[in-house]
Amino acid sequence: MTYSMSVIRMLSSRSAAFCNVERIKRKRPIVIAAASSSAAGGIGVILVILLVLGVLWWWSFIDALVKPSSAWTKIDRSRGAWVLLLLVFGILASFPYFFSIRRKLKAAMAS
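So, here is what we can say about the structure in this document. Everything numeric here is computed off the predicted structure, so don't read it as measured data.

### Notes on the overall build of the chain
Each helix and strand in the chain was counted, giving 5 helices and 0 strands. Sequence-ordered secondary structure for the chain, helices as α and strands as β, is α-α-α-α-α. Here the chain holds 111 residues, and the buried ones make up 18% of them. Counted over contacts in the chain with a minimum sequence separation of 6, partners at least 24 positions apart contribute 62%. Of the roughly 8300 Å² of accessible surface on the chain, a fraction of 74% belongs to carbon and sulfur atoms.

Structural data, given as structure tokens:
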């Protein structure tokens, strides 16, 4: 009988060591904090990207409105059409405006 009692005590002490509630409670907040901080970092990156894209869109829109009519005429493009494109398609129209139309406008203003 003493042998079986010592085996039971040994097994119960091992299972208690593996399932120590205090040890699990201490580690859980660390894991949750790590998960929430990485999620917050991802959201922060997304917000910065959206902010940059929004600034690019507004800057393209204002730039299209400010350029003189003579420059638009020299490159055979319509200011109204590009302003409308920038309003309707937003950031999608900002990329072609920035990389193509704006450079042509700048060259037309320089000449």
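On we go.
### A closer look at a nonpolar patch on the surface
A surface patch of nonpolar side chains, about 620 Å² in accessible area, is lined by L84, L85, L87, V88, F89 and L92. Considering every element that reaches the nonpolar patch, the biggest residue donor is helix 4 (residues 79-89), with 5 residues. By the element assignment, V88 lies in helix 4. Exposure remark for V88: the relative accessible area of 57% places this residue in the exposed category.

### Digging into the pattern of salt bridges
Considering all chains together, one arrives at 2 salt bridges under this definition. Put simply, D63 and R102 hold a salt bridge, and the shortest N to O gap is 3.5 Å. Within this pair, whereas D63 is found in helix 2 (residues 21-66), its partner R102 is found in helix 5 (residues 91-110), the two being separated by 39 residues in sequence. Residues participating in the shared-partner salt-bridge network are D63, K67 and R102.

### A word on the packing of aromatic side chains
This model, assessed by the stated rule, comprises 6 aromatic pairs. Between W58 and F61, the ring centres sit 6.0 Å apart and the planes meet at 85°, which makes this aromatic pair edge-to-face. In this pair, W58 and F61 both sit in helix 2, 3 residues apart, roughly one turn of the helix. Taken together, the ring pairs in this structure connect W57, W58 and F61 into an aromatic cluster.

### Structural notes on helix 5
Given a rise of 1.5 Å per residue, 20 residues ought to cover 28 Å, and the 27 Å separating the end C-alpha atoms of helix 5 matches this to within 8%. Along its length, helix 5 shows its largest kink, about 45°, at Y97. Looking at helix 5, one finds that the buried residues are A93, S94, Y97, I101, R102, L105 and A108.

Parameters at a glance
- Residues numbered from 1 in each chain as written.
- Predicted model: local features only at pLDDT ≥ 70, side-chain atom pairs only at ≥ 80, totals over all residues.
- Heavy atoms only, no water.
- Helix = DSSP H or I, 4+ residues; strand = E, 2+ residues; numbered from the N terminus.
- Buried < 20%, exposed > 50% of the residue type's maximum accessible area, 1.4 Å probe, protein only.
- Contact = heavy atoms within 4.5 Å.
- Areas by Shrake-Rupley, 256 points an atom, 1.4 Å probe, with all protein chains shown as cover.
- Patch = residues over 30% accessible without salt bridge, like charges linked within 9 Å, V, L, I, M, F, W, Y side chains within 5 Å.
- Salt bridge = Lys/Arg side-chain N within 4 Å of Asp/Glu carboxyl O.
- Phe/Tyr/Trp six-rings, centres within 6.5 Å; stacked < 30°, edge-to-face > 60°.
- Expected span 1.5 Å × (residues − 1).
- Bend = angle between axes of the 7 residues up to and from the residue.

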